[in-house]
Amino acid sequence: MTAHAPRGADAPPELVQLLTPEGERVEHPDYDIELTTEEVRSLYRDLVLVRRVDLEAVALQRQGELGLWASLLGQEAAQVGSGRALSGADMAFPTYREHGVAWCRDVDPVNLLALFRGVNHGGWNPAEHNFHLYTIVIGSQTLHAVGYAMGIQRDGGESAAIVYFGDGATSQGDVNESFIWASVFNAPVVFFCQNNQWAISEPLEKQSKIPLYKRASGFGFPGIRVDGNDVFACLAVTRAALRNARQGQGPTLIEAFTYRMGAHTTSDDPTRYRLANELEAWKLKDPIERVKAYLFKNELADQEFFEKVDAEADALGKDVRDRCLALPDPPPGAIFDHVYAGAHALLDEEREQYLTYLAGFER
Amino acid sequence: MTTLTLAKALNEGLRRSMEDDAKVLLMGEDVGKLGGVFRVTDGLQKDFGEDRVIDTPLAESGIIGTAIGLALRGYRPICEIQFDGFVFPAADQIITQLAKMPLRSLGTLKLPVVVRIPCGGGIGAVEHHSESPEVYFTHTAGLRVVACSNPADAYTMIQDAVRCDDPIIFFEPKRRYWDKAEVDLAAPGLALDRARVVRPGRDVTLVAYGPMVKTCLEAAAAAEEDGRDIEVIDLRSLNPLDAEVLTESVTRTGRCVVAHEAPVFTGFGAEIAARVTERCFYHLEAPVLRVGGFSTPYPPSRLEEHYLPDLDRVLDAVDRSFAY
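Residues numbered from 1 in each chain as written. Chains lettered and ligands numbered in written order. Predicted model: local features only at pLDDT ≥ 70, side-chain atom pairs only at ≥ 80, totals over all residues. Heavy atoms only, no water.

Asks: Got a sec to walk through the overall build of chain B? Specific residues and values, please.
Replies: A count of helical and extended segments in chain B gives 12 helices and 14 strands. Since a compact globule built from 324 residues should have a radius of gyration of about 20 Å, the 19 Å found for chain B is in line with a globular shape. Across the 324 residues of chain B, 63% fall into the buried class. At a minimum sequence separation of 6, the contacts of chain B that also span at least 24 residues come to 81%. Of the roughly 12,100 Å² of accessible surface on chain B, a fraction of 53% belongs to carbon and sulfur atoms. Positive and negative side-chain charges of chain B, numbering 35 and 48 respectively, have mean locations separated by a distance of 3 Å. (Helix = DSSP H or I, 4+ residues; strand = E, 2+ residues; numbered from the N terminus. Rg over C-alpha atoms; globule rule 2.2 N^0.38 Å. Buried < 20%, exposed > 50% of the residue type's maximum accessible area, 1.4 Å probe, protein only. Contact = heavy atoms within 4.5 Å. Areas by Shrake-Rupley, 256 points an atom, 1.4 Å probe, with all protein chains shown as cover. Lys, Arg positive; Asp, Glu negative; His and termini not counted. Charge placed at Lys NZ, Arg CZ, Asp CG, Glu CD.)

This is the structure:
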């Protein structure tokens, strides 16, 4: 067993930050952005609603309505900030925790719940939302994003791909291969790593001896570390990286330095592997509270606004819950659907045999 | 009619596919300037450019993973895995992503990706260059798995594979790359999911695919001298399996022998034996017998002639079938 020091209390110097945990706006020489009051309010609303969907899903899992849920609690700013940086034509490749990015791509949250409820393996149409299906194998989607970006290059398109993955994924071969491909083909792709400090129970020290964003330089493209709990900074940095990609300047690795406040999924127990004071330190950096403080201090929103957003969150939570509970189980024949695009004689035979067998019970 | 080697027939088929559809891409290690280590892609980069015939970094998972992304963008990538034993680094992308993504999307995504794999032994190669990994892929729902055995089929099958909207594992028998035959470049060819009776016969059904088809035809020719009339079936497609052709044949002959290079234990022959037994039980004069590799890793090449089923081992199995 290797002991590790409590981390996260002190932000490393390279970290891009535009909004402090206390809600103070700070400037950055390279990544400053102008946001209208309306935009800031809209980001705040996104953060609150996304958190509410997530909390509702955790509750549903605890009540036995979902088989599993991967909570994004604490990572709302990284997801909403980067998600709001995307243009409609950009394509996003998520892992299984990108509920906030899905929100930004107008994917109905009930679709996400359906996957974790076991109704399907991912029911939304990726082409309709430019938001790919959740990928559960760690890091596989990074290669898909790079291939997609190579397609954009060939099409001469003015768009980019963005791919999400965690700190643990950076150890995977596929992620390293995707860095190589992106670099040598100069693919228009942004690698968005949400370093939430923990790969289930394994701390970052088990994945890397150097800060993750520094890995990019070894592959020949820029890496940036951003305060992953600062929605302004995540928006600004991702916007810049996407613009560079679209303009032919190749890939960027963004490391959003954040913290997973909950369990990896509802199946594990973080009290077994991490220290309470670490959690307490990160609570002070909450991504929602700092925007709220900023809005309040600068008199950009009043109590009525916050109450309205909270009421909207309540309504959304109820709507998501109701529609989740109403999701019907698919019919047995659905097992055989969509395995192949074309006809497949053996599968057709198995379908017919099984449905005939089932029909025998109904007589 | 033109006389072509199997490698050249594939090359012609790839060329046609690329001419017919600008979305068709070739990608792999050394497929460009070198034309592939077996020269199957010879000259294609010169004619179609580096954006369509893509020399990739040396990483198989990367080849398949990026091909998936290109397919999601509307392209039809054909990936070359240099040798059979090197497909395993790509197995994760093939099995967990390529095979399952269309289902995961409830049919909204199609992945028309062809994975070409030179397969099998018999060329005196070093370790990992002579394997028969077909059952790893036939066992994976969502993939189609085919194996060509002769130049004419190679020419049409590769084009059909590229046109297919499903992911396809396309096995090429590397010790047959240099076999020559007449190819009708205008002929449409048999549908990709159909087996072919390559030699009709009355007494026993011999089932093979890929490199073993030629061996089985030689065995049938030799048996003819002993007065045995062997029917040889080239499966062509392993998934889906054309069970109709098998049933019709074995119902008629009453005997069935399966031959492949891969180990017999849980090899593809086991599937044939089970299907034939289920469908032709009352017509069988003997159990379905299997001939294949041993339950060992592929041996050093000085021993491969013992590992690979040859004409005599096939005929020995035929004799055993008649001994029942």
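Now, onward.
Asks: If you had to explain helix H3 (residues 60-72) of chain B to someone new, which residues and values would you point to?
Replies: All names here are of chain B. For H3, spanning 13 residues, the distance from its first C-alpha to its last is 19 Å, which sits close to the expected 18 Å at 1.5 Å a residue. Burial runs high along H3: 13 of the 13 residues are buried. Directly after H3, the chain includes Gly74, whose backbone phi takes a positive value near 105 degrees. (Expected span 1.5 Å × (residues − 1).)

Asks: Go over the sheet that holds strand E3 (residues 53-55) of chain B with me, naming the residues and quoting the values.
Replies: All names here are of chain B. Spatially, the seven strands line up as an open sheet ordered E3-E2-E4-E5-E7-E6-E12, and their pairing is mixed. Edge positions in the sheet fall to E3 and strand E12 (237-239), since each has one partner strand and no second. On average, each strand axis in the sheet is tilted by 20 degrees relative to the strand beside it, whichever way the strands run. Bridge count for strand E4 (residues 76-80) against strand E5 (residues 114-119) is three bridges, and the pairing is parallel. The residue bridging Glu80 from the neighbouring strand is Arg116, located in E5. (Pairing = 2+ DSSP bridges. Axes fitted to C-alpha atoms, helices over the stretch in contact; angles between N-to-C directions.)

Asks: So what's going on with the packing of aromatic side chains? Which residues, and what values?
Replies: On inspection of all chains with the given rule, the structure shows 34 aromatic pairs over all chains. Seen in terms of ring centroids, Tyr44 of chain A and Phe306 of chain A are 5.2 Å apart; in terms of plane orientation they differ by 80 degrees. Their pairing is edge-to-face. Of this pair, Tyr44 of chain A sits in helix H1 (residues 37-62) while Phe306 of chain A sits in helix H12 (residues 303-325), placing them 262 residues apart in sequence. Grouping residues by exposure puts Tyr44 of chain A and Phe306 of chain A together as buried. Summarising the aromatic geometry, the rings of Phe83 of chain B and Phe86 of chain B are spaced 6.0 Å apart at their centres and angled 80 degrees between planes, so their arrangement reads as edge-to-face. Looking at Phe83 of chain B, the relative accessible area reads 11%, which means it is buried. Clustering of aromatic rings is evident, with ring pairs tying together Trp69, Phe116, Trp124, Phe131 and Tyr134 of chain A. (Phe/Tyr/Trp six-rings, centres within 6.5 Å; stacked < 30°, edge-to-face > 60°.)

Asks: Give a detailed account of a negative patch on the surface, specifying residues and quantitative values.
Replies: There is a patch of like negative charges on the surface, built from Asp302, Glu304, Glu307 and Asp310 of chain A. A relative accessible area of 41% means that Asp302 of chain A is categorised as partly exposed. (Patch = residues over 30% accessible without salt bridge, like charges linked within 9 Å, V, L, I, M, F, W, Y side chains within 5 Å. Salt bridge = Lys/Arg side-chain N within 4 Å of Asp/Glu carboxyl O.)

Asks: Explain the nonpolar core residue by residue, including any values.
Replies: Grouped together as the largest cluster of nonpolar side chains are 149 residues, with contacts concentrated most on Val189 and Phe191 of chain A together with Ile94, Leu235 and Ile272 of chain B. A per-element tally of this core places helix H9 (residues 231-246) of chain A first, with 11 residues. One finds Leu4, Ala7, Val40 and Cys164 of chain B within the second-largest nonpolar core, a separate group that totals 32 residues. (Core = buried A, V, L, I, M, F, W, Y, C linked by side-chain atoms within 4.5 Å.)

Asks: I'd like a description of the sheet that holds strand E11 (residues 230-234) of chain B, backed by residues and values.
Replies: All names here are of chain B. The strand order across the open sheet built from five strands is E9-E11-E10-E13-E14, with neighbouring strands paired in mixed fashion. Sheet topology places strand E9 (196-199) and strand E14 (289-293) at the edges, where each strand pairs with a single neighbour. Along the sheet, successive strands turn relative to each other by an average axial angle of 25 degrees, direction set aside. Where strand E10 (residues 204-208) lies against E11, five bridges are found, and the strand directions are parallel. Its bridge partner being in E11, Val204 is matched across the sheet by Ile230.

Asks: How would you sum up the pairing of E4 of chain B? Please name residues and give values.
Replies: For a regular strand, side-chain orientation follows a simple rule: the groups alternate between the two sheet faces. Residues and elements named next belong to chain B. In terms of burial, E4 is a largely internal element, five of the five residues being buried. The sheet contact formed by strand E2 (residues 24-28) and E4 spans five bridges and is parallel. From the neighbouring strand, Gly28 faces E4, where its bridge partner is Glu80.

Asks: An account of the pattern of salt bridges is requested, with residue identities and associated values reported.
Replies: Note that side chains of opposite charge can pair when their charged atoms are close. All names here are of chain A. Applying the stated criterion to the full structure yields 47 salt bridges over all chains. For Lys297, the salt bridge is made with Glu24, and the minimal N-O distance between the two is 3.1 Å. With Lys297 in helix H11 (residues 287-297) and Glu24 in the segment before H1, this residue pair connects regions lying 273 residues apart in the sequence. Judged by relative accessible area, which is 46%, Lys297 ranks as partly exposed. For Glu24, a relative accessible area of 41% puts it in the partly exposed group.

Asks: Which residues make up the state of the cysteines, and what values go with them?
Replies: Tallying each qualifying case throughout the model produces zero disulfides over all chains. In this model Cys256 of chain B remains outside any disulfide bridge; the closest cysteine sulfur is found in Cys280 of chain B, 7.9 Å from its own. (Disulfide = S-S within 2.5 Å.)

Asks: Just give me the short version of helix H4 (residues 109-117) of chain A, but keep the residues and values in it.
Replies: Residue and element names in this part refer to chain A. The buried count for H4 comes to seven of nine residues, which makes it a mostly enclosed element. Buried residues of H4: Pro109, Val110, Leu112, Leu113, Ala114, Leu115 and Phe116, and no others. Taken together, the buried residues of H4 touch H1, helix H3 (99-104) and H12. For H4, the capping residue at the N-terminal end is Asp108, with a side-chain oxygen 3.0 Å from the backbone nitrogen of Val110. Phi turns positive, to about 90 degrees, at Gly118, one or two residues after H4. (Polar contact = N/O pair within 3.5 Å; in protein donor to acceptor, adjacent residues only side chain to side chain.)

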